[in-house]
Amino acid sequence: MEEVPQDCPGTSSAQAGKGASCQGCPNQRLCASGAGAIPDPAIEEIKEKMRTVKHKILVLSGKGGVGKSTFSAHLAHGLAEDESKQIALLDIDICGPSIPKMMGLEGEQVHQSGSGWSPVYVEENLGVMSVGFLLGSPDDAVIWRGPKKNGMIKQFLRDVDWGEIDYLIVDTPPGTSDEHLSIVQYLSAAHIDGAVIITTPQEVSLQDVRKEINFCHKVKLPIIGVVENMSGFICPKCKNESQIFPPTTGGAEVMCQDLKVPLLGKVPLDPQIGKSCDNGQSFLTEVPDSPATLAYRNIIQRIQDFCGLHSSKEEKLISR
Amino acid sequence: MKVNRNGKEEQETNTEHKRVKNKSKNKVIRKTITFWNGNMIFKNELFTTFSKIALLDIDICGPSIPKMMGLEGEQVHQSGSGWSPVYVEENLGVMSVGFLLGSPDDAVIWRGPKKNGMIKQFLRDVDWGEIDYLIVDTPPGTSDEHLSIVQYLSAAHIDGAVIITTPQEVSLQDVRKEINFCHKVKLPIIGVVENMSGFICPKCKNESQIFPPTTGGAEVMCQDLKVPLLGKVPLDPQIGKSCDNGQSFLTEVPDSPATLAYRNIIQRIQDFCGLHSSKEEKLISR
């Protein structure tokens, strides 16, 4: 699909294909036939597939480079430390899939079987899927436009044989575009527990987080809370704390108060985090005494509490 | 200015140098460099003529340029000759989707085709006038926006791309993809900038590598891929502060090592573009 008319009424609207602005649109005939109004059958298929997934968490950010994939990877590691839980980590950053490297799974391949694609397992109870596993080489650029990326996301949700899962964590690319709309749309029938939004303390980053919160409201996605990353740095020599990304407008704390959204926690900078990610290791086990590890663990606990509360509410509704 | 059927061609003959900043992992500082380039050229005494700079922000979902340039709340005006950019200085004009939003918190939730349409409008309908440097700030990734900007400017010729990264391997991995993208679409690479390259504690002056270059950082990668390393910029909290306040870090903190690093990089970019100009003139004069 090359061009959408400026005033496209939307493919599911009553005016689809019939409005004045539809003239000349390559999809006019398709819309006029009512094809756009039919929901994608994949949504029902995905709903069925997701029956075995108890909790679904999206990790979002407005800006890039704020530590979203790092957080997703460590949320997965943290939850998987409980060996009785089955964790799945889905990387839908098609252009910049960092999860394979961060999980120490570079070079791994995806296998197909009768029941679908199998995820790549880090641990017995921690499976991962990413477009990174489908590339010939890690340096291959994935230069796809929106529709092709959407198709890949649909396949990830519909064709991967996840099995029984307690937590499905979805790592997204930055922004509010195709991937985000698609993941929300495809999981619409399956119910998403909520979104965790990552930011850094400065206003330029918070500005995009407000847009992200706006997006969540628009698509009726519950917000579990906000994580403020890169929140201060302690000099290893003199222990002086520096605010490298100064919270000129009060950081995530003030923003969360204003928008009545929970602040899940603040994670300080620690060079060991970057090192662990590059080496594909869990920072939580490599550097258990770091203040950053403590911060992560508290945040992970709050996310589990949110999901647990959500489960009990659902059970109460069913048992009425 | 006449706009013909291939609107972009008429428009772009007025623009001497077009540089596209490609994405990296750390988008905030990528935009900073774009911004600093604009101001540097404005202030550079080496220019005997008054250089005109245009900064185009095609990050549709996360347009940070208005804030960083101190232009929040500004609106775009339309006239017979097209949309007028918003001017920071007399010779520095800016365009961003940020100027078209009702409120800075409004989310722009568009799929690819609609974003592409906006980029086309920015290139075709903005009345840039005579420009020495058009700097295009892009979102992270290798997707719709990047394909579109290269496609729409294909007949107009882009001088090259500056790619921003941080030192760690997770970031470099995506830079290699970005370099791969540039080769595929035949976009020349001016060079790579390594950002967040070390932090000096203001108290004890100890240097920490906050984003450790576990595989040798951009330096080793650039050697391997035979791509120029334009420079390394250390972390400085004043950078973030200046951006949030919409000020030029170069003028606010002229003595910072980061300022020096930026200035050297900007000079190298100008040299690249200058060299490119002389080559073009030689070709034309044959």
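All values reported here derive from a predicted model rather than from experimental measurement.

Looking now at the pairing of strand β2 (residues 87-91) of chain A. A regular strand places its side chains so that they alternate between the two faces of the sheet. Residues and elements named next belong to chain A. Within β2, 5 of the 5 residues are buried, leaving the element largely enclosed by the surrounding structure. Bridging between β2 and strand β6 (residues 126-130) involves 5 bridges; their strand directions are parallel. Along β6, the bridge assignment pairs D91 with S130. Note: β2 against strand β7 (residues 165-171), 5 bridges, orientation parallel. Its bridge partner being in β7, D91 is matched across the sheet by D171.

What follows is about unusual backbone geometry. One non-glycine residue, K220 of chain A, lies in the positive phi region at around 55°. Following the sequence through the fold, K220 of chain A ends up in the loop between α7 (203-218) and β9 (223-228). With a relative accessible area of 74%, K220 of chain A lands in the exposed category. The phi torsion at K186 of chain B lies on the positive side, around 55°, for a residue other than glycine.

Here the focus is the side chain of D278 of chain A. Residue position: D278 of chain A is located in helix α9 (residues 271-278). A distance of 2.7 Å separates a polar side-chain atom of D278 of chain A from the backbone nitrogen of E169 of chain B. If we skip the residues at most four places from it in the chain, D278 of chain A touches K101 of chain A together with Q168, E169, V170, P212 and T214 of chain B.

At the interface, 64 residues of chain A touch 65 residues of chain B. Buried area between chain A and chain B, summed over both chains or domains, comes out near 5500 Å², and the portion from carbon and sulfur atoms is 57%. Counting the surface chain A buries against chain B, the share from its top three residues, I143, R145 and K211 of chain A, is 13%. Inspection of the chain A/chain B interface yields 2 salt bridges. Of the charged contacts in the structure, one is a salt bridge between R145 of chain A and D144 of chain B, with a shortest N-O distance of 3.4 Å. The interface formed by chain A and chain B holds 27 residue pairs in polar contact (both at pLDDT 80 or more) in total. Among the elements of the structure, α4 (99-102), α5 (146-159), α6 (178-186), α7 and α9 of chain A are those that each provide at least two residues to the side of chain A that touches chain B. Looking at the side of chain A that touches chain B element by element, the count peaks at 9 residues for α7 of chain A. Residue classes in the side of chain A that touches chain B are distributed as 26 nonpolar, 20 polar and 18 charged.

Parameters at a glance
Residues numbered from 1 in each chain as written. Chains lettered and ligands numbered in written order. Predicted model: local features only at pLDDT ≥ 70, side-chain atom pairs only at ≥ 80, totals over all residues. Heavy atoms only, no water. Buried < 20%, exposed > 50% of the residue type's maximum accessible area, 1.4 Å probe, protein only. Helix = DSSP H or I, 4+ residues; strand = E, 2+ residues; numbered from the N terminus. Pairing = 2+ DSSP bridges. Polar contact = N/O pair within 3.5 Å; in protein donor to acceptor, adjacent residues only side chain to side chain. Contact = heavy atoms within 4.5 Å. Buried area = accessible area lost by both parts, 1.4 Å probe. Salt bridge = Lys/Arg side-chain N within 4 Å of Asp/Glu carboxyl O. Nonpolar A, V, L, I, M, F, W, Y, C, P; charged D, E, K, R; others polar.

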